[in-house]
Amino acid sequence: MSQVRVRFAPSPTGMLHIGGARTALFNWLYARHTGGKFVLRIEDTDQARNTQEAVDVIFRGMRWLGLDWDEGPDGKGGTSGDRGPYFQSQRGDIYRRYLEKLKATGKTYEDGGALKFKMPKTPGVVKDLVCGEVTFDRTMEPDLVIQRKDGSPVFHFVNVVDDLEMGITHVIRGEDHLTNTHKHIALYEALGAAPPQFGHIPLILNRGGSKMSKRDEGAALGFYEEAGYLPAAVRNYLCLLGWSPGENQEILPVPDLIQRFDLPNINRSNARFDGDKLFWMNGEYWRTLTDAEFQKFADEYLRRTRPKVAQMDPDLLKRLLPLIREKVRTGREMAEWLDPYLGEEYEYSAEAKKKQLGAPEAGKWLEALSSALGAMGTGWDDSTIEGACKKVAEEAGAKPAKVIHLARAAVSGRTVGPSLFGLLTALGKERVLQRLERTRRQMAEGTLVTA
Ligand code: GLU
């Protein structure tokens, strides 16, 4: 077989839908699996929607998922706008050339200023690698506009010309294009060219069972980047939407995905998008990141979403992050858990005020905690801190948990967070005492700032 050449051909709509991202991924995997080429082609002939931002969204998504493309008009590949990819808006000459070629076959005619292609009335047969043989009755099929009155070529035509010019061997795309395919094949035949093979991948359904639309929550790939999902987890999850590696295995690193991915294993039935499962999978990846990988991820995510982190004591950050990592599953959760420590002006949640800081004995206990912790000499660590907290509880005649919850509310303004003794160890004695004092003062003044 000649070398496999596949492509991802998104229209810049302003978002990269997870269905589109999955199409890109399947094509990329197939190219990598076969040692073929993966081409990115931006289908930007619709001038009205064609903005740089919309194109950047596509690049960003591709880069985030780690999908590099192999070539562009300059012969180079990459994952950024400066190297490739192909833009239909830059290929007008090619389309004009093919238009002349098609006209010369006598299979076109002008109608109201537009150019139409005479659709054959014979049954349109598509032999699809996923859907099998599908036949379209064309007795009532209208002729196909291929060039509008204003001279601009129509999607079906440029799509076919590009696949032909780029030597695409396999068109792997969403099932919503299956009904277009017999028209595309008719164009190939009219141009005297052999059509590529087609594989239409199943639709992605939302929770309610209908086609996942732009408006469904989580339909945009960017949603997961913003929420601080790990791209590897999202990539892995997307693979399972319509493809099964078999053997009941779900967590597969990229080299395994590449090795196992093949078109015959693409499912025929539609795939249900399950956000809970993706969240779970993200947790699996989160747990197994190496410390260095986690560090890199956390640095990038925090730099982007919490610029204040730059002013934070780097050692404190280093001590806190592993404690937080244990309790959360996404970058967004991590950042939210870190918020009370980004600076000393933290806020107190309504719950912390109501449940902990508003209790009648809170002031007295905090004072006892301050003096017990303040009296600690060397050996500020989890177990000595635990000892001190327990002693305060004992002397107050309270359960240790009560004092622990109060201490957490006082040093973080929250009712949940990393395990308390580890947290106090990480914060360091001086900061803990300052925070206890700040809380006591605000309680006394009645000025606790609520989040
Ligand atoms: N630009 C088309 C779309 O975004 C792509 C069609 C194709 O992959 O052939 O739906």
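Quick summary incoming for the structure in this document.

What counts and how
- Residues numbered from 1 in each chain as written.
- Predicted model: local features only at pLDDT ≥ 70, side-chain atom pairs only at ≥ 80, totals over all residues.
- Heavy atoms only, no water.
- Helix = DSSP H or I, 4+ residues; strand = E, 2+ residues; numbered from the N terminus.
- Buried < 20%, exposed > 50% of the residue type's maximum accessible area, 1.4 Å probe, protein only.
- Contact = heavy atoms within 4.5 Å.
- Areas by Shrake-Rupley, 256 points an atom, 1.4 Å probe, with all protein chains shown as cover.
- Pairing = 2+ DSSP bridges.
- Axes fitted to C-alpha atoms, helices over the stretch in contact; angles between N-to-C directions.
- Core = buried A, V, L, I, M, F, W, Y, C linked by side-chain atoms within 4.5 Å.
- Near = heavy atom within 4 Å.
- Polar contact = N/O pair within 3.5 Å; in protein donor to acceptor, adjacent residues only side chain to side chain.
- 1 Å grid on protein atoms, 1.4 Å probe; cavity = no way out; pocket = protein on both sides within 12 Å on 5 of 7 lines; lining within 4 Å.
- Sits in = over half its atoms within 2 Å of the grid points.
- Nonpolar A, V, L, I, M, F, W, Y, C, P; charged D, E, K, R; others polar.
- Salt bridge = Lys/Arg side-chain N within 4 Å of Asp/Glu carboxyl O.
- Parallel < 35°, antiparallel > 145°, perpendicular 65-115°, else oblique.
- Left-handed = near helix turned anticlockwise from the far one by under 90°.

1. Comments concerning the overall build of the chain
For the chain, the count of helices and strands is 18 helices and twelve strands. On the principal axes, the C-alpha backbone points of the chain span a range of 100 × 45 × 40 Å. Buried residues in the chain amount to 50% of all 451 residues. Looking at the chain alone, contacts between residues at least 24 apart form 74% of all its contacts between residues at least 6 apart. As displayed, the chain has an accessible area near 21,000 Å², and 50% of this comes from carbon and sulfur atoms.

2. Thoughts on the pairing of strand β7 (residues 132-136)
Direction of pairing for strand β6 (residues 124-128) relative to β7: antiparallel, over a ladder of five bridges. Across the sheet, K127 pairs through a bridge with E133, a residue of β7. Hairpin remark: β6 followed by β7, antiparallel, with three residues in the connecting loop.

3. Here's the deal with the sheet that holds strand β8 (residues 144-147)
Strand order in the open sheet made by the three strands is β4-β5-β8, with antiparallel pairing throughout. Of all strands in the sheet, those bounded by a partner on one side alone are β4 (108-111) and β8. Put simply, the sheet's adjacent strands are angled 45° from each other on average, direction ignored. Strand direction decides the pairing type here: strand β5 (residues 114-117) and β8, joined by three bridges, are antiparallel. Each bridged residue has a counterpart across the sheet, and for K116 the counterpart in β8 is V145.

4. Describing the nonpolar core
By size, the foremost hydrophobic cluster in this structure holds 142 residues, and its most contacted members are M334 and L373. If you tally residues by element for this core, the top one is helix α1 (residues 18-34), at nine residues. When neighbours within four sequence positions are excluded, M334 is seen to be in contact with W286, F294, F297, A298, Y301, L302, L321, I324 and V328.

5. Considering the site of the ligand
Close to the ligand lie R7, A9, P10, S11, E43, F155, N159, R173 and H177, which account for all nearby residues. Between the ligand and R173 there is a distance of 2.7 Å, counted from an oxygen atom to a side-chain nitrogen or oxygen. Summarising the interface, the protein chains cover 80% of the accessible area of the ligand, which totals 300 Å² for the free molecule. Taking a 2 Å distance to the grid points as the criterion, the majority of the atoms of the ligand fall inside the largest pocket. Here the residues of the shell around the ligand are counted per class, giving three nonpolar, three polar and three charged.

6. Comments concerning the pattern of salt bridges
Side chains bearing opposite charge may pair, as long as their charged atoms lie close to each other. Considering all chains together, one arrives at 30 salt bridges under this definition. With its nearest N and O atoms 2.4 Å apart, the salt bridge here joins E250 to K277. With E250 in the loop between α7 (231-239) and α8 (254-260) and K277 in helix α9 (residues 275-288), this pair connects stretches of sequence that are 27 residues apart. By relative accessible area, which is 27% here, E250 ends up partly exposed. Accessibility expressed as a relative area gives 26% for K277, which makes it partly exposed. Note that R431 is salt-bridged to E344, the shortest N-O span being 3.6 Å.

7. Thoughts on the environment of E189
Assignment of secondary structure puts E189 in helix α5 (residues 178-190). Given the relative accessible area of 52%, E189 is considered exposed. Taking the C-alpha atoms as reference, E189 lies 13 Å from F157; in sequence the two are 32 residues apart.

8. Digging into the environment of F87
Within the secondary structure layout, F87 lies in strand β3 (residues 86-87). F87 gets classed as buried once you look at its relative accessible area, which sits at 14%. The sequence separation of F87 and I251 amounts to 164 residues, and the corresponding C-alpha distance is 35 Å. In this view, F87 contacts I42, D44, V55 and F59; residues no more than four positions away in its chain are not counted.

9. Concerning the packing of helix α11 (residues 314-327) against helix α17 (residues 420-427)
Contact pair α11 / α17: the axes reach a minimum separation of 9 Å and the direction vectors enclose 165°. Judged by the angle between their axes, α11 and α17 are roughly antiparallel. As α11 runs across α17, the sense of the crossing is right-handed. Contacts between α11 and α17 involve L316, R319, L320 and L323 from the first element and G422, L423, T425, A426 and L427 from the second. Of the residues belonging to the contact of α11 with α17, the class tally is six nonpolar, two polar and one charged.

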